[in-house]
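Descriptive analysis of the structure
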Amino acid sequence: AQSVTQLDSQVPVFEEAPVELRCNYSSSVSVYLFWYVQYPNQGLQLLLKYLSGSTLVESINGFEAEFNKSQTSFHLRKPSVHISDTAEYFCAVSEVQTGANNLFFGTGTRLTVIP
Amino acid sequence: EAGVVQSPRYKIIEKKQPVAFWCNPISGHNTLYWYLQNLGQGPELLIRYENEEAVDDSQLPKDRFSAERLKGVDSTLKIQPAELGDSAVYLCASSPRTGGSAFFGQGTRLTVV
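Residues numbered from 1 in each chain as written. Chains lettered and ligands numbered in written order. Predicted model: local features only at pLDDT ≥ 70, side-chain atom pairs only at ≥ 80, totals over all residues. Heavy atoms only, no water.

**Focus on the nonpolar core**
This is how the line gets drawn: The set of buried Ala, Val, Leu, Ile, Met, Phe, Trp, Tyr and Cys residues whose side-chain atoms join them within 4.5 Å is what this entry labels a nonpolar core. Each residue is placed in one exposure class: buried if its accessible area under a 1.4 Å probe, protein chains only, is under 20% of its type's maximum, exposed if it is over 50%, and partly exposed if it falls in between. For helices the rule is a DSSP run of H or I covering at least 4 residues; for strands it is a run of E covering at least 2, with both sets numbered from the N terminus onward.
Ranked by size, the top nonpolar core spans 28 residues in total, and within it Leu33, Trp35, Leu47, Leu48, Phe74, Leu76 and Tyr89 of chain A carry the most contacts. Mapped by element, the contributors of at least two residues to this core are β2 (10–14), β3 (19–21), β5 (31–38), β6 (44–50), β8 (64–68), β9 (73–78), β10 (87–95) and β12 (109–114) of chain A. Counting residues in hydrophobic clusters, the runner-up holds 22 residues, among them Ile47, Phe65, Ile79 and Ala88 of chain B.

So this is what it looks like as structure tokens:
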């Protein structure tokens, strides 16, 4: 079984400052890793994903995440945040071997960007 | 291309009443999911369909919840009777194939009073 831990439930950060949202996972098998973002009153949107290959993955809006197998982590980072980045961020995993896409989500981190 | 469409967006019902949610996945997506998201929590899988077959419904409370995906396209999730604890957001998602990235609808926010 898989589990995902997002240690920080809330992260306030000033505009243009860097941010890191932490995600650790637990699984006995190989996993795919995802970050989803949820803006107020909207559905989840895929931000970025790690399936294979390079352990550093990037999104189109400046976020990046690095898969660290030894530390079972997939932390999300952005060097300079904008007001529009204020949202809830969810880390998720799914098993590789089953090929299924049953996503197991963490409890989320609410990022608040302060002007 | 239209995304995953869910209706209604909001629903308020009295406890013990039935309620149904509808989902139209992205065209061509064979896999459809229903997730439950409680306040302050991440989504939790209720059921996954591959075409019209429910291949994983282990987390669906079958005493009061039911789902169907006739013809392998649209899906309906039903609760009968609803309880106060069912108040949550119900999310539908679809993916083009097993293992593909899931795309989510905006969800239906259910309030049971």
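**Structural notes on the layout of surface pockets**
How we decide: Grid spacing is 1 Å over the protein atoms alone, the probe is 1.4 Å, and a cavity is where that probe fits but cannot get out, while a pocket is an open set with protein on both sides within 12 Å along at least five of seven lines and lining residues have an atom within 4 Å of a point. Grid points are joined across faces, edges and corners, and a volume is the space filled by probe spheres set on the points. Each residue is assigned to one of three groups, with Ala, Val, Leu, Ile, Met, Phe, Trp, Tyr, Cys and Pro labelled nonpolar, Asp, Glu, Lys and Arg labelled charged, and all others, Gly among them, labelled polar.
In this structure, the largest pocket encloses a volume near 560 Å³. Lining the largest pocket are 27 residues; nearest its centre among them are Gln38 and Arg110 of chain A together with Gln37, Leu39 and Arg109 of chain B. Quantified by volume, the second largest pocket comes out at close to 390 Å³. Of all elements in the fold, only β1 (3–5) and β11 (104–105) of chain A together with β5 (44–50) of chain B reach the threshold of two or more residues within the lining of the second largest pocket. The greatest single-element share of the lining of the second largest pocket, amounting to three residues, is contributed by β5 of chain B. The residue inventory of the lining of the second largest pocket, partitioned by class, reads 11 nonpolar, seven polar and three charged.

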